[in-house]
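Structural features, examined
Each chain, letter by letter, is given below.
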Amino acid sequence: AAAGLCPYRALLARRGGALRAFCGSVRGLAAGPETHFGFQTVTEAERREKIYRVFESVAKKYDVMNDSMTLGIHRVWKDILVHKMNPSPGTLLLDVAGGTGDIAFRFINYVRCVRERQLQQKIRHHQNLSWQEIAESYQEDKSKSLGDSQVVVCDINKEMLKVGKQKAQHLGYSEGLSWVLGNAEELPFDDDKFDVYTIAFGIRNVTRIDLALQEAYRVLKPGGRFLCLEFSQVSNSLLSRLYDLYSFQVIPVLGEVIAGDWKSYQYLVESIRRFPPQEEFKAMIEDAGFFKVDYQNLNSGIVAIHSGFKL
């Protein structure tokens, strides 16, 4: 009898194995597609959670660490980005992943300078006005120092936004500035709303870059501009080796000493190495629908500024 049951046992065993395999595949689907978190392989859901924790952990020391890691050069890179944007009074900017406000504050300063020059030119062209008329006109126009420009800072991380708001209050920025909690992959804004979309050192932390690029295209007005500042692939082989040595041996140590967080900065270094090189990222921007896409390497490609237009 036992011998007669063997075929049935074998059949049940095979079916049991098939069932376990099926359940395993269903669990895999439920967990979501695989992606990377630095050099680790994780699901998309796990990556989003891990990245949120990274920036929640480093938010308070984020600006100090940026200065330490780049020896302050990140400030120059961001200045170049805003000069490349060349915003004029009336420009509506969406700065994504801009929680601590670095791009937003530079945008406001730049527009104020442009507005000031416009006012001075206007006054010079009205030499026939009395001193009192000039003063009144100047004060009236100066009260609108941004000329209807606005910048919306959108970030997925509450702690980063909190730090940005505190900085804005401390530095005296309030006019034309708003803060929105939102995901780059699913922006909480209407179509065709903004003149410029910027994302600085944020897109490599987006789980689905293709979705973020599509969203950037969607919320820009026709004629609007996409600008991305991001770490990229170093073109000089000697500099590349030195950069790798500094990145992996020094930056995590700085993270531990300054922010008490080795792992987060180890991830940030690894995430740079996993980000697509310049030409590959350019193709991704074009695939999202942008035209006239190009990039400018800074410091031999340590970072690059990518630009594209919605036509």
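Residues numbered from 1 in each chain as written. Predicted model: local features only at pLDDT ≥ 70, side-chain atom pairs only at ≥ 80, totals over all residues. Heavy atoms only, no water.

Worth spelling out the cut-off: UniProt positions are given in the numbering used here, feature names are shortened, and annotations may be inferred rather than shown by experiment.
As annotated in an unreviewed UniProt entry, the protein carries the name COQ5 protein and comes from Cepphus grylle. What UniProt states about the protein under its Subunit (unreviewed entry) heading is, verbatim, "Component of a multi-subunit COQ enzyme complex, composed of at least COQ3, COQ4, COQ5, COQ6, COQ7 and COQ9. Interacts with PYURF; the interaction is direct, stabilizes COQ5 protein and associates PYURF with COQ enzyme complex." Turning to the protein, the UniProt record has this under Function (unreviewed entry): "Methyltransferase required for the conversion of 2-decaprenyl-6-methoxy-1,4-benzoquinol (DDMQH2) to 2-decaprenyl-3-methyl-6-methoxy-1,4-benzoquinol (DMQH2)."

A short note on the packing of helix H9 (residues 237-249) against helix H10 (residues 251-259)
The line we're drawing: Angles here are taken between N-to-C directions and fall from 0 to 180 degrees, while the axes themselves are lines fitted to C-alpha atoms, restricted in helices to the stretch in contact. Helix and strand labels come from DSSP, where a helix needs a run of H or I of at least four residues and a strand needs a run of E of at least two; each type is numbered from the N terminus. Orientation is classified from the angle alone, with under 35 degrees giving roughly parallel, over 145 giving roughly antiparallel, 65 to 115 giving roughly perpendicular, and any other angle giving oblique. Any two residues whose heavy atoms approach within 4.5 Å at even a single point are treated as in contact. Think of it as three bins: nonpolar holds Ala, Val, Leu, Ile, Met, Phe, Trp, Tyr, Cys and Pro, charged holds Asp, Glu, Lys and Arg, and polar takes everything else, Gly as well.
At a minimum axis distance of 3 Å, the contact between H9 and H10 shows a crossing angle of 30°. Between H9 and H10, the angle is such that the two are roughly parallel. When H9 is examined against H10, the residues Tyr246, Ser247, Phe248 and Gln249 are found in contact with a partner set consisting of Ile251, Pro252, Val253 and Leu254. Its residues assigned to classes, the contact of H9 with H10 comprises six nonpolar, two polar and no charged.

Describing the side chain of Arg225
We count it as follows: The classification of residues rests on relative accessible area computed with a 1.4 Å probe and restricted to protein chains. Under 20% of the type maximum is buried, over 50% is exposed, and intermediate values are partly exposed. Residues counted as positive are Lys and Arg, residues counted as negative are Asp and Glu, and His and the chain ends are not counted. Take a side-chain nitrogen of Lys or Arg and a carboxyl oxygen of Asp or Glu: if they are within 4 Å of each other, that pair is a salt bridge.
Its place among the elements puts Arg225 in strand E7 (residues 220-231). The side chain of Arg225 is buried and forms no salt bridge, while Asp294, the nearest opposite charge, is found at 5.6 Å. Contact partners of Arg225, with chain neighbours within four places excluded, come to Lys84, Met85, Asp195, Val196, Tyr197, Leu220, Ser307, Gly308 and Phe309.

Focus on empty space enclosed by the protein
Note the cut-off: Cavity and pocket criteria rest on a 1 Å grid covering protein atoms alone: a 1.4 Å probe that fits but cannot get out defines a cavity, protein on both sides within 12 Å along at least 5 of 7 lines defines an open pocket, and an atom within 4 Å of a point defines a lining residue. Grid points are joined across faces, edges and corners, and a volume is the space filled by probe spheres set on the points.
Under the counting rule described, the total for this entry stands at one cavity of 30 Å³ or more. Volume-wise, the largest cavity comes out at about 450 Å³. Listing elements by their share of the lining of the largest cavity, those giving two or more residues are helix H2 (44-58), strand E3 (92-96), helix H5 (102-124), strand E4 (150-155) and strand E6 (194-200). Per-element tally for the lining of the largest cavity: the top contributor is H2, with four residues. When the residues that make up the lining of the largest cavity are grouped by side-chain class, the tally is 15 nonpolar, ten polar and six charged.

Some details on the layout of surface pockets
The volume enclosed by the largest pocket comes to roughly 460 Å³. Along the wall of the largest pocket there are 24 residues; nearest its centre are Met69, Thr70, Trp77, Phe231 and Tyr243. Among the secondary structure elements, those contributing two or more residues to the lining of the largest pocket are helix H3 (62-70), helix H4 (73-85), H9 and helix H11 (262-274). Looking at the lining of the largest pocket residue by residue, the classes come out as 18 nonpolar, five polar and one charged.

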